[in-house]
Amino acid sequence: MDTTTLDTPVLTQDEKRLIRDITDSLKECRNPDAAHLDQAICESIARLSDLARVMNAYPSLLESQSLGQQRRDAASLIEALSNATLFTVDMLLPMRAAVGQVYVMARLNLFRLLHQVAQEALGGRDEFTAVEDAIGARISQSIHNKVIESLLIAIVCDDSLGRAVRTKAATALTHLWEDRFSRRIEAFLPVLETTWEARRQTTVQLGTLMGVSEVFALMRAGGDIRFLDYFSRKTCPPEELQAFREFLFSVSTEELESLSDKLVEGHHRASYPGVDTTLSLSPTYLYNHTATDFVTQLYLFFVKRHLEAHARRIRNLPGPKRTAEEYVMVYFLEQSCTMDGDRADTG
């Protein structure tokens, strides 16, 4: 690989070293497709850089722009988003944000490609595990970014929430869309990424369906204690506890109730891997295939629960109306609004 290929700000120094290690290993293993695979990586990085340039070519969302008598700025965008619905939010999406969404997917697919190449170059060798973990961490980060954006959009469009919370979510969205390079998702909600990573490493044993062993496993794997504390408080509503159980077991409340009935009847216990989403009682229009690759499984771990919760909310059905992640994010946004109010009161 030409070293100038890696001369791009869209990759960190660690990512550049990771790519060099993979392409060097590809050459050493004398894979007959090495030249083709190397070229595919170079082209993928070049396209990612092109997307970054296009994204940055659009006006900053934090600066004012005028067109004739019309003027817009961050405040007007936040105001518009705060009044959006799920049916109108796409029409409010600035081009910088729209290209940014494509950029996130392009970055995700670059690391999916690197995983395939690493399997070709290092499959069966001891060092493959470390490389696979490094690639998996970057894939997870891209999916986390998609999830955070989806959560913020859902909160912005939820008219059952207070205006202050929706405005706070719209502000976070604006900053996320403005700079997808240096602003990690911890800038918006530090609790979720560490908890998601811990959940990814946790194996579920259905057992009594109480989730006690899973909670301890999350803690051992580095889950954020604030996430766990939120659902362990004495005043936690039943629907929120159900959302937490869905997060722990990767299955819907309806299915958990069905499994609980079967366990009571003496049926056998089962075990499911950390991001398994193959068991489902969801209607086929929500979920109609079995995901086999890690990337799709990880994304569906969130999106399936998100769609099911939304369906309950619009049809007023029993069960959680938001995902566990959304309940936590709303809480932290509310806390942030309260702190802003306190600061305003003290002058």
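See above for the structure.
Residues numbered from 1 in each chain as written. Predicted model: local features only at pLDDT ≥ 70, side-chain atom pairs only at ≥ 80, totals over all residues. Heavy atoms only, no water.

K.L.:
Tell me about helix α3 (residues 74-82), and please be specific about residues and values.
P.N.:
Those residues of α3 that sit buried are Ala 74, Leu 77, Ile 78, Leu 81 and Ser 82. All buried residues of α3 fall inside an arc of 135° around its axis, so they share one side. On the buried face of α3, the contacting elements are α5 (128-156) and α6 (163-178). Of the residues flanking the start of α3, the one acting as N-cap is Asp 73, its side-chain oxygen 3.1 Å from the backbone nitrogen of Ala 75. (Buried < 20%, exposed > 50% of the residue type's maximum accessible area, 1.4 Å probe, protein only. Helix = DSSP H or I, 4+ residues; strand = E, 2+ residues; numbered from the N terminus. Arc of directions from axis to C-beta. Contact = heavy atoms within 4.5 Å. Polar contact = N/O pair within 3.5 Å; in protein donor to acceptor, adjacent residues only side chain to side chain.)

K.L.:
Any details on the packing of helix α1 (residues 13-28) against helix α4 (residues 95-122)? Residues and values, ideally.
P.N.:
It is the contact of α1 with α4, at a shortest axis distance of 9 Å, that shows an interaxial angle of 35°. Judged by the twist between their axes, the crossing of α1 over α4 is left-handed. Across the interface between the two elements, Glu 15, Leu 18, Ile 19, Ile 22, Ser 25 and Leu 26 from α1 touch Arg 107, Phe 111, Leu 114, Val 117, Ala 118, Ala 121 and Leu 122 from α4. Residue composition of the contact of α1 with α4, by class: ten nonpolar, one polar and two charged. (Axes fitted to C-alpha atoms, helices over the stretch in contact; angles between N-to-C directions. Left-handed = near helix turned anticlockwise from the far one by under 90°. Nonpolar A, V, L, I, M, F, W, Y, C, P; charged D, E, K, R; others polar.)

K.L.:
Before we move on, could you go through the nonpolar core and cite the residues and values that matter?
P.N.:
Core analysis: the biggest nonpolar cluster contains 85 residues, and Ile 135, Phe 227 and Phe 231 have the highest contact counts within it. The element that contributes the greatest number of residues to this core is α5, accounting for 13 residues. The residues contacting Ile 135, other than those within four sequence positions of it, are Leu 18, Ile 22, Phe 111, Leu 114, His 115 and Ala 118. (Core = buried A, V, L, I, M, F, W, Y, C linked by side-chain atoms within 4.5 Å.)

K.L.:
Go over the pattern of salt bridges, please, and point to the residues and values.
P.N.:
Counting across every chain of the model gives 17 salt bridges. With its nearest N and O atoms 3.6 Å apart, the salt bridge here joins Arg 138 to Glu 15. Taken together, the residues Arg 138 in helix α5 and Glu 15 in helix α1 connect sequence positions 123 residues apart. Summarising the burial analysis for this pair, Arg 138 and Glu 15 share the class buried. Of the charged contacts in the structure, one is a salt bridge between Arg 53 and Asp 50, with a shortest N-O distance of 2.2 Å. Of this pair, Arg 53 and Asp 50 both sit in helix α2 (residues 34-57), three residues apart, which is roughly one turn of the helix. Each of Glu 15, Arg 107 and Arg 138 takes part in salt bridges that share partners, so that together they form one network. (Salt bridge = Lys/Arg side-chain N within 4 Å of Asp/Glu carboxyl O.)

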